[in-house]
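Listed here are the chains, written in short residue letters.
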Amino acid sequence: MSAIPAMPVPDPSPPAGAAGMTPLLEVRDLRMHFPVREGLFLRSRASCKAVDGVNLSVYPGETVGLVGESGCGKSTLGKSIVRLHQPTAGQIFFEGIDLATLNAAQMKPRRRHLQMVFQDPVESLNARHTVGDTLEEPFAIHGIGDRSWRRQRALELLGKVGLPADAAGRFPFQFSGGQRQRIGIARAIALEPKLIVCDEPVSALDVSIQSQVLNLLLELQREMGLSYVFIAHNLAVVKHVSDRIAIMYLGRIVEFAAADAIYRDPRHPYTRALISAIPRPDPAFRKQRIVLPGDVPSPIHPPSGCPFHPRCPHATERCRIEVPLLRVPPGTSNHTVACHYDLPWENPPPAGG
Amino acid sequence: MTAPDDTVLEVSDLITTFDTDAGTLTAVDGVSFSVRRGRTLGVVGESGCGKSVTALSIMRLLPQPMGRIAGGAIHFGGRNLVTLPPSEMLEVRGGQIGMIFQEPMTALNPVHTIGRQLSEVFLLHRTKDSGEALQLAIDMLRKVGIPSPEVRIGEYPHQLSGGMRQRVVIAMALACKPAVVIADEPTTALDVTIQAQILELMQALQDEMGMAIVLITHDLGVIAEMCDDVVVMYAGRIAETGPVERIFASPSHPYTRGLLDSIPRIEGQRKSRLSIIEGMVPTLSELPRGCRFQNRCPYRIDRCAEQPPLETVEAGHRTACHRWRELPPR
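As the structure is a prediction and not an experimental result, all values here were calculated from the model.

A.B. asks: It is not clear to me how the overall build of chain B should be interpreted in this structure. Could you clarify?
C.D. replies: Summing up its helical and strand segments, chain B has 11 helices and 12 strands in all. Relative to a compact globule of 330 residues, whose C-alpha radius of gyration would be 20 Å, chain B shows 21 Å and is just as compact. Dimensions of chain B, computed from C-alpha atoms along their principal axes, come out at roughly 65 × 50 × 45 Å. Residue pairs at least 24 apart in sequence account for 64% of intrachain contacts in chain B once pairs closer than 6 positions are excluded. Carbon and sulfur atoms provide 51% of the accessible area of chain B, an area that totals close to 13,800 Å². Taking the average place of the 33 positive charges on the side chains of chain B and the average place of its 38 negative ones, the gap between the two points comes to 3 Å.

Structure follows, in C-alpha cells:
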C-alpha cells in the first residue's frame, strides 16, 4: 500500500480571477484513515481510507461544491475541515493557521468562524431545547453579550432565516423539515462565520422546500460574504450554488474545475458518467445514458492504480497499475483531472435548456 | 383516448382514510387513473400527497387497523380488489401485481438467504417442488443482472450492496410475470450511477416481459425519463394528469408549474434565484376547503374555496384548476 505522492502544486485549479488573493481555506494532502477493527480482540486489521490525499482551496465569498456517491469521502472531508475529525495526515490552513495541529482549547476561538449545517436538522438540533435556547447557545459558549442581548440576537436570527419571532419559544418537533433546516442555518450563522460546511443541506427536503432553502443560502452568502463548502450527491443542486466543483471518488478528488466547466466540458470518465446519469426533468431530452457497471468499491480495499479503473469503460493496463495524478488537461485553465488520458467525449448533452 | 381493452388496472374514485388520535384523516380523496398494458404511469408529488398510500391501497397493504379504503374501486383482471377476500388477494399480491419498495434492506428478510426468499415466491405461486423453485430463483437472479447467481442465492441481504439488493427485490416482484408492477421510489435510496443501472434494468425487463409499471417518485427527472403518462398529486388529490410530454411542455395546474420551475436545472444559470412555491404542504388535519393548493397559489381567487373538478385540457390531459385557461403562457 504505497502512499500516493502529494501533488506538486498545492492549488492547481484556483478560480478565475483569484490571482493575488489568499484562500480562506487551504487543505493540503489531507488524509483521514479510520482503523477497521475485527476479530475477538478488535485488533486493527486494516484501515478505511475515507479521505486519501485531498488538496482543496476555498476563497472568500466562494462556494466549492463536493460531489460524489456514498462512500466517496465527501462528508468525512467536510467534517475534517471543521475538525469534527482529527485528520490522520495533512494540513488544513484556515486564515493561515493549520487547524490540524490545534488542540481543543486552541480550536475553540476559531470555531466561531467555521460552522456546519447538517443534512438532518432533527438529529442536529437538541429536541429538549427551545429554538430560542438553541440560537442563544453559541453566544453563551463564546461568552458574548448578556442574556437579554442574546435573546434579542436570537430573534434577529429567526427573522434573517424567514421564521416568525414566536418560533423562539417552540421546540424543534413543532416545525416542518424545511423550517428545521432554517433553524440549523440560523444557528450556523449566529457567530457570523466566514466558512460554512453544508453537508447535504437540502437532500431530505421536498422539491418545493428545497428551492426555498437554496435561495436562503444564496441570499445569506451575498449579504454576509460567506464561503461555503457545499456537499451533495445531486449534481444539479451543487452546480446551481457552486463556483467551483470537486468530483470525488474513493477518497480522492478526480476532477476539479469551475462549475460551468464541469458541466460543459467534463474530462474525467466518471464525471461524464455522473452527468449523463442525472435524470433530466425534460421528456424531450432522451439522452444516451452512460451506465457504469458494478458498484463503488470499498475504501477499505481500494483497487490498484486508478481507483475508478474497474468501472471505467476506457480503462487500460496502465490504469490498473499507475495512479493518475491531478493534471491540467490541454485546452483548459483552472481545471484539473486525475486521468491518464485525454478522451474524446462521445455523448455531450445539448447546450442550453 | 385510451382503448378500454388496453387497461390492466383501473383505480376509480379511491378514498383512503386513517383513524388517528386527531380523528379520521383522508389521505387519498377521490383519486382515479388507469394503467395501460406495457406502459409506465408515473405518480409524482411531495411527501404527504398520498402517492404511497395509493400504492398500498392497490396492494391492500394499508397499516392495520388504522388504514381503510373508505370508497371507490380498484378494477384488476375483472375483479374489484377493494372487495376481494384476503385469501384471493394473496394470489394477486406478488403473483399478478408485484411491488418494489424504496428501501431494499427493509423489503428483504435479513435472516433468510436470498435464494430462500426468492424461491418462496415461486413456491407460493408457481410450483410445489423446492428444487425447481430454487432453479427458477437462480434464473430470475441472472435475468436481473446479478453476477454468479448460484453463489448469491446462499448469501444474506447484508452481504449485497444497495444496488444488488434492489435487483433482488425486482427479481421477487417480477418472479411470477405480473401484469402490473408498483414501484414506490425504487431508486431514491440509491446513488446516481446505481440509479441509472436500475432504471435501465426496469426498462429492459418491461420491453421483454411487457408488464405495466406504476412508478411512484418525487423526482421529476425520473418521471420524465421513464414514464408515458403521469399523475401529479397534491394533498391527497390529483392536481393534473396526462401524457408525460404534455405535462412537462404545457403544465396547466399552478402546482405542476411551481414544481417544474423550482427545481435547479443543470443547464440553468448558476446562483440565480430559484422560483419557489410559497409556504408548505398543509397537514391532513388542516386542509383548506375547496382547492387544496389555494393557500400557496399565486392565482388564487374566491372561487378556489370550491373544489375544482378535473377538467379536460386536451385528449388525455386533465387538470383540477378553475383558472387553467387564464394561466399565463410559459
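A.B. asks: How should unusual backbone geometry be read in this particular structure?
C.D. replies: Among all residues except glycine, the phi angle is most often negative; among peptide bonds, the trans geometry is most common. Residue and element names in this part refer to chain B. Here the bond from Gln64 into Pro65 is cis, since omega is 0°, no more than 30 degrees from zero. Relative to the helices and strands, Pro65 is located in the loop between helix H1 (51–59) and strand S4 (67–76). For Arg60, which is not a glycine, the phi torsion comes out positive at approximately 55°. Inspection of the secondary structure assignment puts Arg60 in the loop between H1 and S4.

A.B. asks: Explanation requested: the interface of chain B and chain A in the structure shown.
C.D. replies: A common measure of how large an interface is: the accessible area buried when the components associate. Listed per partner, the contact involves 45 residues of chain B and 50 residues of chain A. A combined buried area of about 4,200 Å² lies between chain B and chain A, and 53% of that area is made up of carbon and sulfur atoms. When the buried surface of chain B facing chain A is broken down by residue, Ile266, Arg270 and Lys271 of chain B rank first, second and third, together holding 21% of it. One can count 7 salt bridges joining chain B with chain A. The partner of Glu225 of chain B in a salt bridge is Arg289 of chain A, and the shortest N-O contact between them spans 2.7 Å. Here chain B and chain A share 26 residue pairs in polar contact (both at pLDDT 80 or more) between them. Those elements that place two or more of their residues in the side of chain B that touches chain A are helix H8 (192–209), helix H9 (220–226), helix H10 (244–249) and helix H11 (254–262) of chain B.

A.B. asks: Quick question: what am I supposed to make of the pairing of strand S9 (residues 244–249) of chain A here?
C.D. replies: For a regular strand, side-chain orientation follows a simple rule: the groups alternate between the two sheet faces. Residue and element names in this part refer to chain A. Within S9, 6 of the 6 residues are buried, leaving the element largely enclosed by the surrounding structure. Side chains of S9 alternate between two faces, with Arg244, Ala246 and Met248 and Ile245, Ile247 and Tyr249 buried alike. Note that strand S3 (residues 63–67) and S9 share 4 bridges and pair parallel. For Leu66, the partnering residue across the bridge sits in S9 and is Ala246. Here S9 runs beside strand S10 (residues 252–258); their pairing, made up of 6 bridges, is antiparallel. Following the sheet pairing, Ile245 is matched in S10 by Ala257. Connecting S9 to the next strand, S10, in antiparallel fashion are 2 residues, including Leu250 with a positive phi near 50°.

A.B. asks: How should the sheet that holds strand S8 (residues 227–232) of chain A be read in this particular structure?
C.D. replies: Where strands meet in a sheet, backbone hydrogen bonds hold them as pairs that are either parallel or antiparallel. Residues and elements named next belong to chain A. Ordered by their spatial adjacency, 7 strands build an open sheet running S6-S7-S8-S3-S9-S10-S11, and the pairing between neighbours is mixed. This sheet does not close on itself; its edge strands, each paired only once, are strand S6 (114–117) and strand S11 (336–337). Relative to strand S7 (residues 195–199), S6 is paired through 4 bridges, and the arrangement is parallel. In the strand pairing of S7, Leu114 is matched with Leu195. Of the strands in this sheet, S6 and S7 are in contact with helix H6 (residues 177–189), which crosses S6 at around 175°.

A.B. asks: Is there a simple way to think about the side chain of His240 of chain A in this case?
C.D. replies: Position of His240 of chain A relative to the elements: it lies in helix H8 (residues 235–241). Sequence-distant contacts of His240 of chain A, defined by excluding residues within four places in its chain, comprise Leu218 of chain A together with Pro264, Gln269, Arg270, Lys271, Ser272 and Leu274 of chain B.

A.B. asks: Is there a simple way to explain the pairing of strand S7 (residues 180–184) of chain B in this structure?
C.D. replies: Residue and element names in this part refer to chain B. Counting buried positions over the 5 residues of S7 gives 5, a clear majority of the element. Because side chains alternate across S7, one face comprises the buried residues Val180, Ile182 and Asp184, and the other comprises Val181 and Ala183, equally buried. Where strand S6 (residues 97–100) and S7 come together, 4 bridges link them in parallel fashion. Across the sheet, Ile97 pairs through a bridge with Val180, a residue of S7.

A.B. asks: I tried to follow the nonpolar core on my own but got confused; where do I start?
C.D. replies: Side chains of nonpolar character tend, in soluble globular proteins, to be buried together. In terms of nonpolar packing, the biggest core is built from 66 residues, with Ile185, Ile189, Ile196, Phe230, Ile247 and Tyr270 of chain A touching the most fellow members. In terms of residue count, the dominant contributor to this core is helix H7 (residues 207–224) of chain A (7 residues).

A.B. asks: Explain the packing of aromatic side chains to me, please; I cannot follow it from the model alone.
C.D. replies: Each pair of aromatic rings is reported with the distance of its centres and the angle of its planes. Residue and element names in this part refer to chain A. All chains considered together, the criterion is met by 7 aromatic pairs over all chains. When the ring of Tyr249 is compared with that of Phe308, the centres are 5.2 Å apart and the planes differ by 85°; the resulting orientation is edge-to-face. Of this pair, Tyr249 sits in strand S9 while Phe308 sits in the loop between helix H10 (269–277) and helix H11 (317–321), and the two are 59 residues apart along the sequence. Look at Tyr249 and you get buried, because its relative accessible area is 1%. Classification of Phe308 by relative accessible area gives buried; the value is 1%. Through a chain of ring-to-ring contacts, three or more aromatic side chains come together here, namely Tyr249, Tyr270 and Phe308.

A.B. asks: Would you take a moment to explain the pattern of salt bridges for this structure?
C.D. replies: Side-chain pairs of opposite charge can arise whenever the charged atoms involved come near each other. Residues and elements named next belong to chain A. For the coordinates displayed, the defined rule picks out 42 salt bridges over all chains. Here Arg311 makes a salt bridge to Glu69, at a shortest N to O gap of 3.6 Å. Of the two residues, Arg311 sits in the loop between H10 and H11 while Glu69 sits in the loop between S3 and helix H1 (74–81), which places them 242 residues apart along the sequence. There is no split in this pair, since Arg311 and Glu69 are both buried. For the salt bridge of Lys160 with Glu223, the shortest nitrogen-to-oxygen distance reads 3.9 Å. Placement of Lys160 in helix H5 (residues 147–160) and of Glu223 in helix H7 is noted, with a sequence separation of 63 residues between them. Residue Lys160 is classed as partly exposed on the basis of its relative accessible area of 31%. By relative accessible area, Glu223 is classed as exposed at 55%.

A.B. asks: What is the right way to read the sheet that holds strand S1 (residues 25–38) of chain A from this model?
C.D. replies: Residue and element names in this part refer to chain A. What the 4 strands build is an open sheet, ordered S2-S1-S4-S5; its pairing is antiparallel. Among the strands making up the open sheet, the edge pair consists of strand S2 (43–58) and strand S5 (97–98). Pairing analysis gives 12 bridges linking S1 to S2, with the strands arranged antiparallel. Bridge pairing links Arg37 to Ser44 in S2. Running over the sheet, H1 touches S1, S2 and strand S4 (89–94) and is turned about 115° from S1.

Thresholds, definitions, all that
Residues numbered from 1 in each chain as written. Chains lettered and ligands numbered in written order. Predicted model: local features only at pLDDT ≥ 70, side-chain atom pairs only at ≥ 80, totals over all residues. Heavy atoms only, no water. Helix = DSSP H or I, 4+ residues; strand = E, 2+ residues; numbered from the N terminus. Rg over C-alpha atoms; globule rule 2.2 N^0.38 Å. Contact = heavy atoms within 4.5 Å. Areas by Shrake-Rupley, 256 points an atom, 1.4 Å probe, with all protein chains shown as cover. Lys, Arg positive; Asp, Glu negative; His and termini not counted. Charge placed at Lys NZ, Arg CZ, Asp CG, Glu CD. Buried area = accessible area lost by both parts, 1.4 Å probe. Salt bridge = Lys/Arg side-chain N within 4 Å of Asp/Glu carboxyl O. Polar contact = N/O pair within 3.5 Å; in protein donor to acceptor, adjacent residues only side chain to side chain. Buried < 20%, exposed > 50% of the residue type's maximum accessible area, 1.4 Å probe, protein only. Pairing = 2+ DSSP bridges. Axes fitted to C-alpha atoms, helices over the stretch in contact; angles between N-to-C directions. Core = buried A, V, L, I, M, F, W, Y, C linked by side-chain atoms within 4.5 Å. Phe/Tyr/Trp six-rings, centres within 6.5 Å; stacked < 30°, edge-to-face > 60°.

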